[in-house]
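# Topology and contacts: notes
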Amino acid sequence: MSYAEPLMVKYLHDKGVRQGIPVSGTFELTQRCNFNCEMCYVHDCRQKTDPLSAKDWLSLAKQAKDAGTVFLLLTGGEPLLRDDFEEIYTALAKMGFLISINTNGSLIERYSKLFDELPPTRINVSLYGADNSAYKRLCGNEAFDKVLSSVKQMKLQGISMKFNAIFTPENISEYKKIADISKELCIPMMPTTYSYPPIRLGKGNDGRFSPEEAADYISLIDEYRFDKDFYQEKLKKLLLLPKGPEENTVRCRAGRAAFWITADGIMRPCGMMPEPDGRPLEVGFEKAWQQIKSETAKIRLPEECLACKYSGVCSVCAAMCKAETGDFGKVPQYICRMTKQLLTVAERSVCDNEN
Amino acid sequence: MKIKKDMILRKIGSDIILVPVGNAIKDHNGLFMLTETACFLWEKLPECNSVEELAQKLFDEYEVTEEQALADTMEFVNNLSELDIIDRN
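Residues numbered from 1 in each chain as written. Chains lettered and ligands numbered in written order. Predicted model: local features only at pLDDT ≥ 70, side-chain atom pairs only at ≥ 80, totals over all residues.

Right, let's get into the overall build of chain B. Of regular secondary structure, chain B possesses four helices and five strands. Taken from N to C terminus, the helices and strands of chain B fall in the order β-β-β-α-β-α-α-α-β. Here chain B, with 89 residues, has 27% of them falling under the buried criterion. Sequence separation of 24 or more characterises 36% of the internal contacts of chain B that already satisfy a separation of 6 or more. (Helix = DSSP H or I, 4+ residues; strand = E, 2+ residues; numbered from the N terminus. Buried ≥ 20, exposed ≤ 12 C-beta atoms within 10 Å, placed from the backbone. Contact = placed C-beta atoms within 7 Å.)

Okay, structure coming up:
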């Protein structure tokens, strides 16, 4: 199963981009986590407390609401780890936001009653493996059974769920089992084999796939989880090399209709970008948003990408350029190699299928 | 008439939307977009005891015929009743 965005959500975001309204936002409630995943771009084991109080988050939320925010994603670290999560969540849910939560799923049980009374729009559970030993290996926590049981409980309670499946060399052997869980529970899955370099934590890139492996494995995963005809159609569309963007400005919603506020209260266009910064706690939400919008509008992606014949199939974005090369305007070779390999695999698959 | 579900009216730029809150999210996992007149009807609905009374308010406020006001109000009330969002009695 895959996830398709409702039309109304797209409409509001398109309007947000045109009118500069921050329709959606992310609150990174904490950098703390009860897992210790190697590929995590946020988790900081050294932090014992959270810099922002519930009052700080609710004040930011009130201002965000006044500015037009409708969709709010609560993430971390592990957001459910905060002792005051219930206080924050309850107040946000009653303010008129559509709230999604990113979680590792291991602590959902303690909020079962809360989510029954005030259900989130969706809970996105990161799935790292299909048994406790895989979880131990990747996350340092044998939480799989607990996660799966909570997911089933939430589904029974009528809450919309999605799996975010992050694959690395450590858990790629689990991909069929994870896809089977998604299919069996009728919960859409969003797989990824690309890991951003964890630049926010100053860590290296060790432990992620080579670009070719990332392309090979995401193709394998898609081939396994999709219906054969659907998958072949998808590949054929890719091989037509659709036209890419005409301008090298930021093309996603980041800093145009969406913002991210880090656990220490810094506003960014998205969580994968280490800059530009806005300081909503010091200057107010609206002024910080105007700064983020204005700085995002100045960002230019590499000129070479515009001229590239693969630009219509390449997933390159401003955050990737910055994270991979340290510069928004430099070509991230990792992404180039990954895109070329995706096309090579697609060509081979279509050819094999037709013969 | 009574609004049964917890919904919050939000104005986003020039759009007016109803955001479900609490258990209404399970039944209506999404948003409702209202036109200006639908928004007017939504705000006046709790004050009215019948479709006719609500239609009269629409007629008083907007340049429409009485027939058109009644037809539009009826459609609005029927739609929301079918979605179990309001109780028309």
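Looking only at helices and strands, chain A features 14 helices and eight strands. For chain A, whose C-alpha radius of gyration is 20 Å, the value lies close to the compact-globule estimate of 20 Å for 355 residues. Principal-axis analysis of the C-alpha atoms places the extent of chain A at approximately 60 × 45 × 40 Å. In chain A, which comprises 355 residues, the proportion classed as buried is 43%. (Rg over C-alpha atoms; globule rule 2.2 N^0.38 Å.)

Glancing now at the nonpolar core. Residues and elements named next belong to chain A. Within the largest apolar cluster, 116 residues are counted, with the highest numbers of intra-cluster contacts made by V70, L72, L92, I99 and A318. It is helix α14 (residues 333–354) that contributes the most residues to this core, six residues altogether. Every residue in contact with I99, bar those within four places of it in the chain, is listed here: L72, L74, L92, A93, P120 and T121. (Core = buried A, V, L, I, M, F, W, Y, C linked by C-beta atoms within 7 Å.)

Contact with chain B, which involves 15 residues of that partner, is made by 19 residues of chain A. Top element by residues in the side of chain B that touches chain A is strand β2 (residues 7–12) of chain B. It accounts for three residues. Classifying every residue of the side of chain B that touches chain A gives seven nonpolar, five polar and three charged. (Nonpolar A, V, L, I, M, F, W, Y, C, P; charged D, E, K, R; others polar.)

On to the sheet that holds strand β3 (residues 98–103) of chain A, then. Think of a sheet as strands paired side by side through backbone hydrogen bonds, with each pair either parallel or antiparallel. One open sheet accounts for eight strands, arranged β6-β5-β4-β3-β2-β1-β7-β8 (chain A); its pairing is mixed. Looking along the sheet, the strands with just one partner apiece sit at the ends: β6 (189–192) and β8 (267–268) of chain A. (Pairing = 2+ DSSP bridges.)

Moving on, we get to the confidence of the model for chain B. Residues and elements named next belong to chain B. Within chain B, residue pLDDT values average 91, and 99% of them lie at 70 or more. Helix α1 (residues 24–27) is the least confidently modelled element of chain B, averaging 80 in pLDDT, while helix α3 (residues 51–61) averages 96, the highest of any element. Both scores are given for the predicted complex: the pTM is 0.92, the ipTM 0.85. (pLDDT = per-residue confidence, 0-100.)

Alignment of β2(B) against strand β3 (residues 15–20) of chain B, held across six bridges, turns out to be antiparallel. When the sheet's bridge partners are listed, B:I8 is paired in β3(B) with B:V19.

Let's shift gears to the sheet that holds strand β4 (residues 32–34) of chain B. All names here are of chain B. Pairing is antiparallel in the open sheet, where three strands are placed in the order β2-β3-β4. Looking along the sheet, the strands with just one partner apiece sit at the ends: β2 and β4. Along the sheet, successive strands turn relative to each other by an average axial angle of 30°, direction set aside. Pairing geometry for β3 and β4, over three bridges, is antiparallel. Bridged to I17 within β4 is M33. (Axes fitted to C-alpha atoms, helices over the stretch in contact; angles between N-to-C directions.)

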